[in-house]
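Residue strings, one per chain:
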Amino acid sequence: MYILHRRPPMRLPLSDHCNGSRFFYPGLAPGRGFRDFLRWRLTRKPAKWPERVPIRPAAPPPAPDAGVSATWIGHSTFLLRTAGASWLTDPVFSETVGPSRMLGLRRTVAPALPLASLPRIEGVLLSHDHYDHCDLPSLRALAAPGTAVVAPLNYGFLRAAGAAAELVELDWWQACEPGPQFHLRLVPAQHWCRRLPFGTNLRLWGGFFLRAGGRSVYFAGDTGYDPQLFAEIRRRCGSPDLALLPIGAYEPRWFMRDAHMNPAEAVQAHRDLGARRSAAMHWGTFGLADEPREAPVRELEAAREAAGIPAAEFRILSFGETILI
């Protein structure tokens with residue numbers, strides 16, 4: 001069962017993205033509120049998704065001798081492996097995501113790697129609190145001494161929910177080293193947080209830039225497109241060897257634009273970052289928005305061709321496929 005958490009009033013650190021009580025994205029007008037959500041839900045005309053897309057479960061790849069391997073499990077969940085550690089991004093293995101099983105959104109594709117098949121997980125990168133990224137049953141199953149959850153600010157509720165045995169909270173641009181030769185930095189994202197109709201942006205959100213195995217990986221989490229954002233990440237962190245970029249849940253644009261990139265914007269983000277290679281995520285698993293299930297793939301291919309970017313440079317991975325850098 002999910003537990004609903006209402007956060008008590010508290011004082012948050014003042015910064016260019018926090019006014020002391022709520023977080024915000026600098027320079028962006030207040031995000032879409034609950035009335036906008038209701039307007040979208042009442043007027044939407046979503047494309048019909050298949051109830052289920054069967055896949056053959058994959059086996060976890062062996063730890064690489066050098067570099068980093070990234071295996072797409074589905075949605076925004078990747079298994080990242082180096083010679084000495086295994087990490088998960090936004091682990092979601094539940095059949096439904098939402099405030100309860102009755103109110104949850106059912107997945108179309110099963111996790112490509114079953115939870116029970118995973119190697120020992122040293123840590124979790126958690127980008128934000130939305131149900132399709134912050135899945136308490138999955139986090140509880142992973143919670144164990146020695147397994148760290150690295151999250152943005154104000155995620156103490158994970159401890160109370162039994163979803164994090166060890167929790168590290170970071171502000172934007174702050175860094176930590178949770179293991180030998182493993183460096184993590186939380187970077188900004190143009191997004192927002194809320195798990196209930198109330199309590200918007202009481203928690204921070206973000207992406208992660210990690211260095212391990214002599215390579216660098218940027219995990220964007222959820223983000224809208226802002227050219228200054230990606231240019232600043234490149235300036236401060238360098239160009240990643242691999243960028244994991246979201247391409248789905250972008251229609252209708254009036255509602256989704258500030259929070260989710262479309263495929264053409266993802267291609268531009270790839271170029272802004274100067275990424276050596278990118279891989280698409282956040283499509284095909286949950287019917288979150290109004291575009292057809294395969295539309296992100298078709299539109300990414302078109303945007304990639306228009307930009308003169310070869311397919312090997314911005315990959316569309318199959319479920320369970322691994323990329324090694």
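All of the points below concern the structure found in this document. Sequence order as written defines residue numbering, which begins from 1 separately in each chain. Confidence filtering applies because this is a predicted model: local features only for residues at pLDDT of at least 70, side-chain atom pairs given and counted only at 80 or more, and all residues used for totals across whole chains, interfaces and linings. Hydrogen atoms and water are omitted, and side-chain values are computed over all heavy atoms in the structure.

Here we come to the side chain of Asp 272. Numbering of helices and strands runs from the N terminus; a helix is a DSSP stretch of H or I covering at least four residues, while a strand is a stretch of E covering at least two. Relative to the assigned elements, Asp 272 resides in helix α6 (residues 263-273). Buried Asp 272, no salt bridge; nearest opposite-charge side chain is Arg 234, N-O distance 6.9 Å. Polar contacts involving the side chain of Asp 272 include one to the side chain of Tyr 225, which spans 2.5 Å. Contacts are residue-level and defined by heavy atoms, with any inter-residue pair within 4.5 Å sufficient. Not counting the four nearest positions on each side in its chain, Asp 272 is found in contact with Tyr 225, Pro 227, Phe 230 and Arg 234. Accessible area is worked out with a 1.4 Å probe on protein chains only. A residue is then buried under 20% of its type maximum, exposed over 50%, and partly exposed in between. All tallies of charge rest on Lys and Arg as positive and Asp and Glu as negative; His and the ends of each chain are not included. Here, a salt bridge means any side-chain nitrogen of Lys or Arg that lies within 4 Å of a carboxyl oxygen of Asp or Glu. Any pair of N or O atoms that falls within 3.5 Å is considered a polar contact. Within protein, one atom must be able to donate a hydrogen and the other to accept it, and sequence-neighbouring residues count only if both atoms are side-chain atoms.

Our focus in this paragraph is helix α7 (residues 295-306). Under the convention used throughout, the expected extent of a helix is 1.5 Å for every residue step, that is, one less than its residue count. Its twelve residues give α7 an end-to-end C-alpha distance of 16 Å, which sits within 8% of 16 Å, the value for a rise of 1.5 Å per residue. The elements touched by buried residues of α7 are α6, β14 (277-281) and β15 (314-315). One or two steps after α7, the chain reaches Gly 308, where phi turns positive at roughly 70°.

Let us now look at the packing of aromatic side chains. Ring pairs shown here join Phe, Tyr and Trp side chains whose ring centres sit within 6.5 Å, with only the six-membered ring taken for Trp; geometry is labelled stacked below 30 degrees between planes, edge-to-face above 60, and tilted in between. One pass over the structure, following the stated rule, counts ten aromatic pairs. Between Trp 87 and Phe 182 the ring centres are 4.9 Å apart and the planes differ by 15°, which places this aromatic pair in the stacked class. Of this pair, Trp 87 sits in strand β3 (residues 86-89) while Phe 182 sits in strand β10 (residues 182-187), placing them 95 residues apart in sequence. A relative accessible area of 3% means that Trp 87 is categorised as buried. The exposure class of Phe 182 is buried, given its relative accessible area of 7%. Aromatic pair Trp 172 and Trp 205: ring centres 6.1 Å apart, planes at 80°, arrangement edge-to-face. Of this pair, Trp 172 sits in the loop between β8 (166-170) and β9 (175-179) while Trp 205 sits in the loop between β10 and β11 (207-212), and the two are 33 residues apart along the sequence. Judged by its relative accessible area of 1%, Trp 205 falls in the buried class. Members of the aromatic cluster, each reached through a chain of ring pairs, are Tyr 25, Trp 172 and Trp 205. Its end group placed over the ring of Trp 254, Arg 39 keeps NZ or CZ at 3.8 Å from the ring centre. Should the NZ of a Lys or the CZ of an Arg lie within 6 Å of a ring centre and within 35 degrees of the ring normal, that charge is described as sitting over the ring. Seen from the ring of Phe 157, Arg 203 lies directly overhead, with NZ or CZ sitting 4.0 Å from the centre.

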